[in-house]
Amino acid sequence: MQIVGLLLLNATISFVEESNADKAIKALAGALAPKCKVFRDRKLKTMDAEHIVPGDILVVRLGDIVPADIKILGDEDEEEEEHPMQIDQAALTGESLPAKKFTGDVAFSGSTVKQGERHAVVYATGVNTFFGRAAALIGATNNVANIQKVMTKIGA
């Protein structure tokens, strides 16, 4: 009888801890959902990145995660010497240093703005982005890891 009681207590504690972990993950995912500043109806609005579409004009600045593949637009005051943006694309390209981006250059979804502020036009979102196409290519492969082959032989 005591063993059954301990099993029930263990099951209850496990359920409560798993429920708390699920709540924490959902809260973290909500806090990390990328936001962006986009011009809609001639006003600058902050919205979830999942709602932007190709053709939207964004404002990207220091610390922003680029929410979609974008083309950088020129400064309105057109100085003699253009100051490039610095964009960290290490997660996508493996480059160790931020890349300099000038007017007309592109920045890929998931990269981080390290310096500068500019307007940019969205040209690809979701699975049509550089990152999305790369993920689709990786997902389309049927490579089986060596450990999977070993485990399959053991299980057979």
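Not measured: the values here are computed from a predicted model.

Asker: Got a sec to walk through the sheet that holds strand 1 (residues 35-40)? Specific residues and values, please.
Answerer: Pairing is antiparallel in the open sheet, where six strands are placed in the order 2-1-3-9-4-7. Strands at the two margins of the open sheet, each flanked by one partner only, are strand 2 (43-48) and strand 7 (106-107). Where strand 1 and strand 3 (residues 57-61) come together, three bridges link them in antiparallel fashion. The partner of Phe39 across the bridge, within strand 3, is Ile57.

Asker: Can you tell me about unusual backbone geometry, naming the residues and giving the values?
Answerer: In this model, Asp41 sits at a positive phi of 55 degrees, which is unusual for a non-glycine residue. You can see Asp41 is positioned in the loop between strand 1 and strand 2. In this structure, Arg42 is a non-glycine residue whose phi angle is positive, near 65 degrees. Considering the arrangement of structural elements, one finds Arg42 in the loop between strand 1 and strand 2.

Asker: Which residues make up the environment of Lys35, and what are the values?
Answerer: Among the secondary structure elements, Lys35 is positioned in strand 1. On a C-alpha basis, the gap between Lys35 and Thr46 in space is 6.6 Å, while along the polypeptide they are 11 residues apart. Apart from the residues lying within four places of it in its own chain, the contact partners of Lys35 are Thr46, Met47, Asp48 and Ala49. Only 2.6 Å separates the side chain of Lys35 from the side chain of Asp48, close enough to count as a polar contact.

Asker: Pulling in residues and values, what's your account of the pattern of salt bridges?
Answerer: In this structure the tally under the stated criterion is four salt bridges. One salt bridge connects Arg40 with Asp56, and the closest N-O pair in it is separated by 2.6 Å. One end of the pair, Arg40, is in strand 1; the other, Asp56, is in the loop between strand 2 and strand 3, with 16 residues separating them in the sequence. Look at Asp56 and you get buried, because its relative accessible area is 8%. Here Asp41 ties to Lys45 by a salt bridge, and the two come within 3.4 Å at their closest N and O atoms. Using a relative accessible area of 32% as the deciding quantity, one classes Lys45 as partly exposed.

Asker: Outline the nonpolar core, supporting the account with residue identities and numerical values.
Answerer: Among the nonpolar cores identified, the biggest contains 16 residues, and Ile52, Leu58, Ile70, Met85, Ile87, Val113 and Val122 are the most heavily contacted of them. If you list the elements that add at least two residues to this core, you get strand 1, strand 3, strand 4 (69-72), strand 5 (85-88) and strand 9 (117-124).

Asker: Describe the side chain of Ser111, naming the residues involved and giving the relevant values.
Answerer: Position of Ser111 among the secondary structure elements: in the loop between strand 7 and strand 8 (112-115). Excluding anything up to four places from it in sequence, Ser111 contacts Asp64, Ile65, Val66, Ile87, Asp88, Gln89 and Leu92.

The rules behind these values
Residues numbered from 1 in each chain as written. Predicted model: local features only at pLDDT ≥ 70, side-chain atom pairs only at ≥ 80, totals over all residues. Heavy atoms only, no water. Pairing = 2+ DSSP bridges. Helix = DSSP H or I, 4+ residues; strand = E, 2+ residues; numbered from the N terminus. Contact = heavy atoms within 4.5 Å. Polar contact = N/O pair within 3.5 Å; in protein donor to acceptor, adjacent residues only side chain to side chain. Salt bridge = Lys/Arg side-chain N within 4 Å of Asp/Glu carboxyl O. Buried < 20%, exposed > 50% of the residue type's maximum accessible area, 1.4 Å probe, protein only. Core = buried A, V, L, I, M, F, W, Y, C linked by side-chain atoms within 4.5 Å.

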